[in-house]
Amino acid sequence: MKIQNLGRGLRFAAMVLPLTWFARPAFGQAQRTATAQAFGVSVSTALVNQKTPSAAAPAEGGMVQTDAADVSITGLVSARDAYALASGWSDDGYSDAVSSASLGQVNILNGLITANGVLALASTTAAGSDADGSTLANLYVNGVAIAAPAANTRVDLPGVGYVVLNEQIATGSGITINMIHVYLQQTGLLGTKPAGEIVVGSATSSVN
Amino acid sequence: MNTLRSLAALAAIPAVVLLASSCAQRDNAVAPNLGTPSFHFNVFTCTGFKMTGGGRIDFPPGTADKNPPASHEYETFGAHVIAEPNGQTDELGHCEGAKGSLEWVDHRREFEINGRPLNLHSVDVTWAELATDTDCEEGGVHWGGTLVIKNTGQQSRFEVFDCDNGEPGAGHDGFGIRLLDYPYEVLCPDPALPPAEPSCTLSGGNRQFHPTH
């Protein structure tokens, strides 16, 4: 009896397994998914949660651009001429994702950080990712000019927290660029704890 | 179907001066020398394809070297075109049957209109063709249609020269645009900069050619 069952099992496997092999994509033709997002300003605190303008590429492939002539989140961030663009196309080996966020006349925390222009630019293909083209124009942090900061440059902001400039975060399949990322902190009797974040100029792209 | 023609037929620009300063004032922003053997993007074929992506151009000077950030001498864009030739050509010989989208922002101060950067947005993409005489490694395409100047609401025909020259896109790929009804163009027809001519080499981003749509 057991031998008969084993025989049936082997016959079943012989019939079904080849079907499952054929059902899989051929080697080198795995389906790839491209994603892209961008935004101009994002503020996340206990009292404020706002992101504008923002764009995300449609899942079926395509491009989206949004813009705002003026961005103002009282007491925290202001900027002019903000554009967010996201383009993503899933097409196997030809998949690509590009996103950008550009802003002018940026002012963060009442002049603590200013910049004439911010551009975050993320690009990903099956060959890899890069942040080429991303720039900060006439950047001042706490009154000190910082020209072309290297990736992931940290500057402390006494009494406020710290800022990471040209923040580049590699993901398994892409990259996120935050040109100005302020980490707000509160210091009390129990030490320092996070109090929120401000991001200006963010672009993300990936191809899985 | 191959169509050999002069781009001069496309360059008829009405004498309406919209922009504060014309690219014609710049040595490297003139229209290509038409019909010369060394000039690329001159021979086209009607076939299906797709070109996608976006990026940044530093114009002038139109090289992969980024201009000083404070100069704001750059443009950003996103664009895709899907060519689905229907066997017809328009009055200028372009391959009809296409769809797509273009977003273009020129961040140069001197090109601001109504206090904002020049912003172009496609209304309709109507034609697209594959260039067969370029050095673009993956594919060079020529396409266009109608766009709106968002600053003013005025419309214009446009054409794009689009080049995928491998990876990464920065320093390799190219993109150039010309309005046919207003004196505005960002083209880099410099023979010293093949193969992206007359498109301007990207300083960021990527153009991706898809041989089938």
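Structure shown above.
Structure report, in brief. This one's a predicted model, so the numbers in the text were calculated from it and none came from an experiment.

1. Description of the overall build of chain B
- The helix and strand inventory of chain B stands at zero helices and eleven strands.
- A burial count over chain B gives 51% of its 213 residues as buried.
- Long-range pairs, those at least 24 residues apart, make up 66% of the contacts in chain B with a sequence separation of at least 6.

2. Let's talk about the overall build of chain A
- The helix and strand tally for chain A stands at one helix and 14 strands.
- Evaluated residue by residue, chain A yields a buried proportion of 43% over its 208 residues.
- Intrachain contacts of chain A at a sequence separation of at least 6 include 55% that bridge at least 24 residues.

3. Some words on unusual backbone geometry
- Following T52 of chain A, the chain continues to P53 of chain A via a peptide bond in cis, the omega torsion being -20°.
- Mapped onto the elements of the fold, P53 of chain A is located in strand β2 (residues 49-56).
- The omega angle of the peptide bond from F59 of chain B to P60 of chain B is -20°, so this bond is cis rather than trans.
- Within the fold, P60 of chain B resides in the loop between β3 (49-57) and β4 (75-83).
- Its identity as a non-glycine residue notwithstanding, Q105 of chain A has a phi of 50°, on the positive side.

4. A short note on the interface of chain A and chain B
- Facing 29 residues of chain A, the contacting portion of chain B comprises 28 residues.
- At the level of elements, β3 (62-73), β4 (77-89), β5 (96-108), β6 (113-125) and β8 (135-137) of chain A are the ones that each hand at least two residues to the side of chain A that touches chain B.
- Ranked by the residues each element gives to the side of chain A that touches chain B, the list is headed by β6 of chain A, at six residues.
- Looking at side-chain class alone, the side of chain A that touches chain B contains twelve nonpolar, twelve polar and five charged residues.

5. What to know about the pairing of β6 of chain A
Residue and element names in this part refer to chain A.
- Counting buried residues along β6, eleven of its 13 residues qualify, which places the element largely inside the surrounding structure.
- The pairing of β5 with β6 spans twelve bridges and is antiparallel. Residue V98 lies in a different strand from β6, and its bridge partner there is S123.
- Two successive antiparallel strands, β5 and β6, enclose a turn made up of four residues, where L109 displays a positive phi of approximately 55°.
- Summarising the sheet, β6 and strand β9 (residues 139-141) pair through two bridges and their orientation is antiparallel. Among the inter-strand pairings, T114 is bridged to a residue of β9, identified as Y140.
- Relative to β8, β6 runs antiparallel, the two sharing three bridges.

6. Digging into the nonpolar core
- Ranked by internal contacts, the top residues of the largest apolar core, which has 95 residues, are V77, V118, A120, I180 and V200 of chain A together with V81 of chain B.
- Element by element, the count of residues in this core is highest for β4 of chain A, at eight residues.
- What V81 of chain B contacts, discounting residues up to four positions off in sequence, is M51, A98, G100, V125, A128, V141 and W143 of chain B.

7. Some remarks on the environment of N178 of chain A
Residue and element names in this part refer to chain A.
- Relative to the assigned elements, N178 resides in strand β13 (residues 174-188).
- Along the chain, N178 and D91 lie 87 residues apart, while their C-alpha atoms are 27 Å from each other.
- Filtering out sequence-adjacent residues up to four positions away, N178 remains in contact with E167, V199, G201 and S202.

Rules and cut-offs
Residues numbered from 1 in each chain as written. Chains lettered and ligands numbered in written order. Predicted model: local features only at pLDDT ≥ 70, side-chain atom pairs only at ≥ 80, totals over all residues. Helix = DSSP H or I, 4+ residues; strand = E, 2+ residues; numbered from the N terminus. Buried ≥ 20, exposed ≤ 12 C-beta atoms within 10 Å, placed from the backbone. Contact = placed C-beta atoms within 7 Å. Nonpolar A, V, L, I, M, F, W, Y, C, P; charged D, E, K, R; others polar. Pairing = 2+ DSSP bridges. Core = buried A, V, L, I, M, F, W, Y, C linked by C-beta atoms within 7 Å.

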